[in-house]
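As a plain string of letters, each chain reads:
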Amino acid sequence: MDLLDAHLVPAVDGVAFGLLLFVVAAGLSLAFGTAGVLNLSHGTLYAIGAYTGAELSDGTWGGLALGLAAGTAAACVAGAGLSAATAPLARRGHLAQALLTFGLALIGGDLLIQLFGADELPVRVPEALDSSVTLLGHRYPAYRLCFIVMAVLLAAGGTWVLTRTRMGAAVRAAADDPQMLAATGRNPRAVHTGVLAAAGALAGAAGVLGAPIIGPGPGTSENVLMLSLVVVVLGGLRSLWATFFAAIAVGEVQTLGVSLAPDLAPYLLFAAMAAVLVLRSRFAEPATAHGPGDGPATDPVARLRSHLAGRLRRRTRGTPGTAGAPKTSGAAEASGAGASAAEASGAGRTAEATGADRPGTAPREHGSRVPARIGRLPGGAAWRQAAPLLVLLVVLVSLPALLDAYSISLAGSALALGLLAVSVTILTGYAGLPTLGQTAPFAVGAYATANLADAGWTVGPVQIVLSAFAAAVLSAVVGPAVIRARGTTVLMITLAVGELTGAVVNQLKSVTGGADGLVGFPATRALWGGAEMLEESQLYNYALVVAVVAVSVTLLVLRSPAGKLLTGTRGAEARMRASGHPVGRYLLVAHICAGALAGVGGSLMVTVQQYLSPADVGFEIAAFALLAVVIGGTTSVIGALLGAGLIVATRDWVAGSWPGHGPLLLGVLFVATVYLLPRGLAGLRGGSGGGSGRPPEAPATGDRPSPAPATNLAGKVSP
């Protein structure tokens, strides 16, 4: 009984907190599950309601009602505007939506701070609710009990609307079969806008009513968004009641869990989120899925029949006189072409499914294995491919002579972020695994270098190798959970991994310094017997040499047969599995290598900055790395480096001339990139994107492509 008395108040607090999260998560679930929009600005919609309600609150019932009406209406309008903003991205997948809405969140957060100030606003509730009542012998705030009742009524009302009314039927139809909805005379676009407006209204109402519980202030929107994502993942998208109970569980972990097990509570939420996602990817989503209908037949006889048919078609195409024969239609030809490419690849050799030769090479006869360029010097196409690399290298080498010390330091930080972005390129563009979790191996590499330096291991190559190894070990541990998932599920799993790493960073103070970070460790020496590097130019030159070596090795691997096999797993995974390729092994190796590269980037960041804080390895850095990849083109290594440089310049250099508006500028960069560079900087050049080591025509979205065109293992898409 004493235990119950001691934890009764935290338990009831958990119910109130969970119900607040439920109201927010219900809107997020509605936006994602029904409208198909992955809205990372949903926390900002909550903040709009919270700030508006707090500003209008005056301790009277009229002030509360006015704040509720104004806050709900403002967030509703913002939700409708979000519908218009995401409409052009309907066919580009959830990755573009995530980046756009994250940029809008940065813009909205900066505008809210400019309007209401950077301090947390006080909230004044009516006097009747600003008191306490007796609950099982304990005094408890009356407002929170009132909020519990309102949230339960909202859950019941929302379930009734969705399941028992024509409006709810239209909403469900818009999610399941928009064509059928249009056939009934309703406009799916109007329903889509109404759903996002309703989701915004829910978030705004939650912000107004929840402001006394989670007050408006810096960090509120991000905290609410992360917890709401956990609720949506745990509860799923099919039932409001499942979301309701998941929200209660999350609320209890955040309050009662902290009271009972303060050391474990920070890990429980995102560990549970990752576990649920991994289980769903294993049991609800085939490991070979790329899209509807893009998987091998589960019947072995059907698979054998398809294989024999593919061999027959290849022989038919290979005989003289068939070059002008009409193509077979649709999926049969794609399947045959893909199977041909997968089989011809063997143990690392790739052949183009359609028999087309690579750009810049002489035509080959069918069956010939001898390249036409043996014995020749590199032609014009080869030099065009190498030109961007050479130009970029010349510019980077000349920077110390052109910039001041501060700008040189920023350039070094950009190189570190660039290596992180290149690791994201490997996973997103080549392996087809869009990630928000590469800050995990990045953090491991960074903290490994800082602790090695503190222990006296100050030689740069030693730090690089050990940091890369530690990051690779982490990637090997979490890799099996990541590589089986696809599309948005990968984003959510990697987000959970990144947040778990952030929790470890904040809790393991003996290694990471906690929220204070690490500073004061010895500087790095470039080589054995060398002096410590203290000047910005020395640190930059060291970072440049390491980055050049790392990027060169990456490009060599990506342009090798191993890199082309990795590209094949993205474009034709089901066909490669059917031909016997160990696709899971390829993806795991890619995940480990990308983690090692991220660890090298983290090591460089610590060496250049000479300090380390949790903000350097947080969710925002993961979003920046993903944005850098999109800026450059999802399969362009050079583009990722340029994107990282643009982000660092915007965040630290341009924002320096407009103090306090760094998030606004970055948000504008996010939005402009999504709209103006759908294929990145590499897409502006057209053709092969020379020198980037990338296959042309890579998909720009986070989801794996559906099997419309026939894709060969070299990463090229047949017209």
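Going by the structure above, here's the rest.
Residues numbered from 1 in each chain as written. Predicted model: local features only at pLDDT ≥ 70, side-chain atom pairs only at ≥ 80, totals over all residues. Heavy atoms only, no water.

**What about the overall build of the protein?**
Within the protein one finds 27 helices and four strands. Counting the 719 residues in the protein, one finds 51% classified as buried. For the protein, restricting intrachain contacts to residue pairs at least 6 apart in sequence, the fraction spanning at least 24 positions comes to 77%. Total accessible area computed for the protein in this model is approximately 31,000 Å², and 66% of it derives from carbon and sulfur atoms. (Helix = DSSP H or I, 4+ residues; strand = E, 2+ residues; numbered from the N terminus. Buried < 20%, exposed > 50% of the residue type's maximum accessible area, 1.4 Å probe, protein only. Contact = heavy atoms within 4.5 Å. Areas by Shrake-Rupley, 256 points an atom, 1.4 Å probe, with all protein chains shown as cover.)

**Section: the nonpolar core**
Counting residues in hydrophobic clusters, the biggest one holds 157 residues, and the most contacted among them are Met 273 and Ile 647. In terms of residue count, the dominant contributor to this core is helix H15 (residues 405–430) (15 residues). In this structure Ile 647 touches Leu 417, Phe 624, Leu 627, Ala 628, Ile 631, Leu 666 and Leu 669, once residues within four positions along its chain are discounted. In this structure, Leu 30, Ala 35, Val 171 and Ala 199 belong to the second largest nonpolar core, which totals nine residues. (Core = buried A, V, L, I, M, F, W, Y, C linked by side-chain atoms within 4.5 Å.)

**Details of the side chain of Asp 13**
Mapped onto the elements, Asp 13 comes out in helix H1 (residues 2–33). For Asp 13, the side chain forms a polar contact with the side chain of Arg 144, separated by 3.1 Å. Ignoring sequence-local partners within four residues, the contact set of Asp 13 consists of Tyr 140, Arg 144 and Thr 255. (Polar contact = N/O pair within 3.5 Å; in protein donor to acceptor, adjacent residues only side chain to side chain.)

**Quick notes on the packing of H15 against helix H23 (residues 583–609)**
At a minimum axis distance of 8 Å, the contact between H15 and H23 shows a crossing angle of 170°. Between H15 and H23, the angle falls in the class roughly antiparallel. Across the interface between the two elements, Ser 409, Gly 412, Ser 413, Ala 416, Leu 419, Leu 420, Val 422, Ser 423, Ile 426 and Leu 427 from H15 touch Ala 590, His 591, Ala 594, Leu 597, Ala 598, Val 600, Gly 601, Leu 604, Met 605, Val 608 and Gln 609 from H23. Taken together, the residues of the contact of H15 with H23 break down into 14 nonpolar, seven polar and no charged. (Axes fitted to C-alpha atoms, helices over the stretch in contact; angles between N-to-C directions. Parallel < 35°, antiparallel > 145°, perpendicular 65-115°, else oblique. Nonpolar A, V, L, I, M, F, W, Y, C, P; charged D, E, K, R; others polar.)

**Concerning the pairing of strand S2 (residues 138–141)**
Bridging between strand S1 (residues 132–135) and S2 involves four bridges; their strand directions are antiparallel. Paired with Thr 134 across the two strands is Arg 139, which belongs to S2. Two successive antiparallel strands, S1 and S2, enclose a turn made up of two residues, where Leu 136 displays a positive phi of approximately 50°. (Pairing = 2+ DSSP bridges.)

**Some points on unusual backbone geometry**
Phi at Gln 610 takes a positive value of approximately 65°, unusual for a residue other than glycine. Residue position: Gln 610 is located in the loop between H23 and strand S4 (611–612).

**Notes on a nonpolar patch on the surface**
Where nonpolar side chains cluster on the molecular surface, the patch consists of Val 545, Val 549, Val 553 and Val 557 and spans about 340 Å² of accessible area. Here Val 553 lies in helix H20 (residues 536–558). Looking at Val 553, the relative accessible area reads 46%, which means it is partly exposed. (Patch = residues over 30% accessible without salt bridge, like charges linked within 9 Å, V, L, I, M, F, W, Y side chains within 5 Å. Salt bridge = Lys/Arg side-chain N within 4 Å of Asp/Glu carboxyl O.)

**A word on the side chain of Thr 435**
With respect to the helices and strands, Thr 435 occurs in the loop between H15 and helix H16 (439–454). Taking the relative accessible area as the measure of exposure, Thr 435 reaches 3% and is therefore buried. At 3.0 Å, the side chain of Thr 435 forms a polar contact with the backbone nitrogen of Gly 437.

**As for the pattern of salt bridges**
Counted under the stated rule, the structure contains three salt bridges. Asp 13 is the partner of Arg 144 in a salt bridge, and the nearest nitrogen-oxygen pair spans 3.1 Å. Here Arg 144, found in helix H5 (residues 142–164), pairs with Asp 13, found in helix H1; they are 131 residues apart in sequence, far enough to count as distant. A residue is classified by how much of its surface remains accessible, and Arg 144, at 22% relative accessible area, is partly exposed.

**A few points about the packing of helix H2 (residues 42–56) against helix H8 (residues 188–210)**
At their nearest, the axes of H2 and H8 sit 7 Å apart, and the two run at 45° to each other. Put simply, H2 runs oblique to H8. Every pair of crossing elements has a handedness; the one defined by H2 and H8 is right-handed. Every residue of H8 that contacts H2 at His 42, Leu 45, Tyr 46, Gly 49, Ala 50 and Gly 53 is listed here: Ala 199, Gly 200, Ala 203, Gly 204, Ala 206, Gly 207, Val 208 and Gly 210. Grouping the amino acids of the contact of H2 with H8 by side-chain chemistry returns seven nonpolar, seven polar and no charged. (Left-handed = near helix turned anticlockwise from the far one by under 90°.)

**Description of helix H9 (residues 220–235)**
In this model H9 runs 22 Å from its N-terminal to its C-terminal C-alpha over 16 residues, within 8% of the 22 Å that 1.5 Å per residue would give. Extensive coverage of H9 is indicated by the burial of 12 of its 16 residues. Among the residues of H9, Thr 220, Val 224, Leu 225, Met 226, Leu 227, Ser 228, Leu 229, Val 230, Val 231, Val 232, Val 233 and Gly 235 are the ones counted as buried. Among the residues trailing H9, Gly 236 stands out with phi positive, at a value near 80°. (Expected span 1.5 Å × (residues − 1).)

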